[in-house]
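Topology and contacts: notes
The chain contents come next:
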Number of protein chains: 2
Amino acid sequence: MRENYREELESVINDLVSMTDLVKTAVIESSKALVNADLNIAEQVISNDSKIDAMHDDIEQRAFILLARQAPVAGELRTVVASMRMTFELARMGDLAAHVAKIARLRFPEKAVPDDLSANFNRMSELAVEMITTAMKTLADRDTAAALTLADEDEEMDMLRREQFKILLGDDWDYGVEAAVDVALLGRYYERIADHAVALGRRIILVLTGEAPEGENWPNTF
Amino acid sequence: MRENYREELESVINDLVSMTDLVKTAVIESSKALVNADLNIAEQVISNDSKIDAMHDDIEQRAFILLARQAPVAGELRTVVASMRMTFELARMGDLAAHVAKIARLRFPEKAVPDDLSANFNRMSELAVEMITTAMKTLADRDTAAALTLADEDEEMDMLRREQFKILLGDDWDYGVEAAVDVALLGRYYERIADHAVALGRRIILVLTGEAPEGENWPNTF
């Protein structure tokens, strides 16, 4: 039975890694839909989000059953509890990618993002994907070193968002109110994806080392 | 020992109720700061947020210790696991109230919200507070009936947000891009506070009845 239990815990972690992969795809595709005003891709991201949500429910349920039947202790208890939080962070990232896709769909056939801001959004998306990849690598390889870069990547994300506001609120903005509102909300969605990646990294480090990373660079992310 | 354990679980729940009270105050006060452009109140909400965050960390830690030392089963296990998620939902609501206060502070001495939208934001705030009160009552009295209204209240919140967009993107909007961006983000923050209140209600119902509420009115909120 204990052997099965270890196998089940391993399988929950493998599913978290697969779920991370789905979320990464959602972020990549939603950004493509956004920057290219591609309706088909937008629809795909939106409809795939229910698969991510179903994975959340499944992983949460299985982690709960592990707690109920096996009463794990020490590092394994930490892993089971963290897996519940991690699946939640991933589900939220998936939702946010779907929000990006919904704005792309709403403005189709126009582009929601003016060309002046394409480079900024491309970098935001690239950075979000890098952060998710980092978190996934940490989890899959049980190696915390990579996760330590997440805090710096999050800082770059914040800087990109400040740049957006500067452009939006500058004298040269002549795309009107609708585009400004879209950009502000889209920027918020990417910023939140990054926050969840940091929170994910924080949980993974906590599981692997028993201690959460501290310091100014690791804001207390929820 | 089992007696102490029950007491500790009861104490965790009481602290969740107290935390809900702090969050409710944060939402009430941040809305005051917003609608009246009151800098002192805004500063207070922002600085009090660290107290809410500290309560989160404390409750999460105590729930974890309960799992580790007592290996609770059945309804009690469900309660301990749910308390970890509930404290997270509350911490996020606190963060969002602080975000509202930060926008009020940023625009001071001006009001961030044009007078045309004051009534809309007052109702959003009132509704958010009602929803938090409902969730708290359900938790404190162990009575699920009240929580069933949360889904309807959430619908009204969504409607208020659609109204905001209609005003923002209408021909009569002459408050410029900055005010439009502020209103869009503020509306998003209130919408998210409401989402977390629904998620909180969902968890409480799950703990009390063993089943999550279903149906179209109860979207799968994360």
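One structure accompanies this document, and this report is about it. (Residues numbered from 1 in each chain as written. Chains lettered and ligands numbered in written order. Predicted model: local features only at pLDDT ≥ 70, side-chain atom pairs only at ≥ 80, totals over all residues. Heavy atoms only, no water.)

**Re the overall build of chain A**
The cut-off we apply is this: Secondary structure counts use DSSP, requiring at least four H or I residues in a row for a helix and at least two E residues in a row for a strand, with both numbered from the N terminus. In what follows, a contact means two residues having at least one pair of non-hydrogen atoms within 4.5 Å. The accessible surface values rely on the Shrake-Rupley method and a 1.4 Å probe; as for residues, cover is taken only from the protein chains in view. Neither His nor the chain ends is counted toward charge; the positive residues are Lys and Arg and the negative residues Asp and Glu. Where a charge lies is defined by one atom per residue type, namely NZ (Lys), CZ (Arg), CG (Asp) and CD (Glu).
If you tally the helices and strands in chain A, you get 6 helices and 0 strands. Along chain A, from the amino end to the carboxyl end, the secondary structure elements read α-α-α-α-α-α. Taking all contacts inside chain A whose residues are at least 6 apart in sequence as the whole, residues at least 24 apart take part in 80%. By element, 49% of the accessible surface of chain A is carried by carbon and sulfur atoms, the whole surface being about 9300 Å². Side-chain charges in chain A split into 24 positive and 41 negative, and the spacing between the mean points of these groups amounts to 5 Å.

**So, the environment of Leu200(A)**
Residue and element names in this part refer to chain A. Structurally, Leu200 can be placed in helix 6 (residues 176-209). C-alpha of Leu200 to C-alpha of Leu150: the two residues are 50 residues apart in sequence and 9.7 Å apart in space. Sequence-distant contacts of Leu200, that is, excluding residues within four places in its chain, are made with Met86, Glu89, Leu90 and Ala135.

**Considerations on the pattern of salt bridges**
What counts here: Salt bridges, as used here, are contacts in which a Lys or Arg side-chain nitrogen is within 4 Å of a carboxyl oxygen on Asp or Glu. The rule is simple: take the accessible area with a 1.4 Å probe, protein chains only, and divide by the maximum for that residue type; under 20% is buried, over 50% is exposed, in between is partly exposed.
For the coordinates displayed, the defined rule picks out 40 salt bridges over all chains. Note that Arg107(A) and Glu178(A) form a salt bridge whose closest N and O atoms lie 3.3 Å from each other. Of this pair, Arg107(A) sits in helix 3 (residues 74-107) while Glu178(A) sits in helix 6; the two residues are 71 residues apart in sequence, bridging distant segments of the chain. The class for Arg107(A) is buried, based on a relative accessible area of 16%. Between Asp58(B) and Arg62(B) there is a salt bridge; the shortest N-O distance is 2.9 Å. Highlighted residues: Asp58(B) and Arg62(B), both in helix 2 (residues 39-70), separated by 4 residues, approximately one helical turn.

**Some remarks on helix 3 (residues 74-107) of chain B**
Our working definition: Take the residue count of a helix, subtract one, and multiply by 1.5 Å to get its expected span.
The terminal C-alpha atoms of helix 3 of chain B, which comprises 34 residues, lie 51 Å apart, in line with the 50 Å expected from a rise of 1.5 Å per residue. Counting buried positions over the 34 residues of helix 3 of chain B gives 27, a clear majority of the element.

**Some remarks on the environment of Glu29(A)**
Residue and element names in this part refer to chain A. Turning to its location among the elements, Glu29 is positioned in helix 1 (residues 2-36). Sequence spacing of Glu29 and Ser125 is 96 residues, and the spatial spacing of their C-alpha atoms is 9.8 Å. With residues up to four places along the chain from it excluded, the contact list for Glu29 reads Ile41 and Val45.

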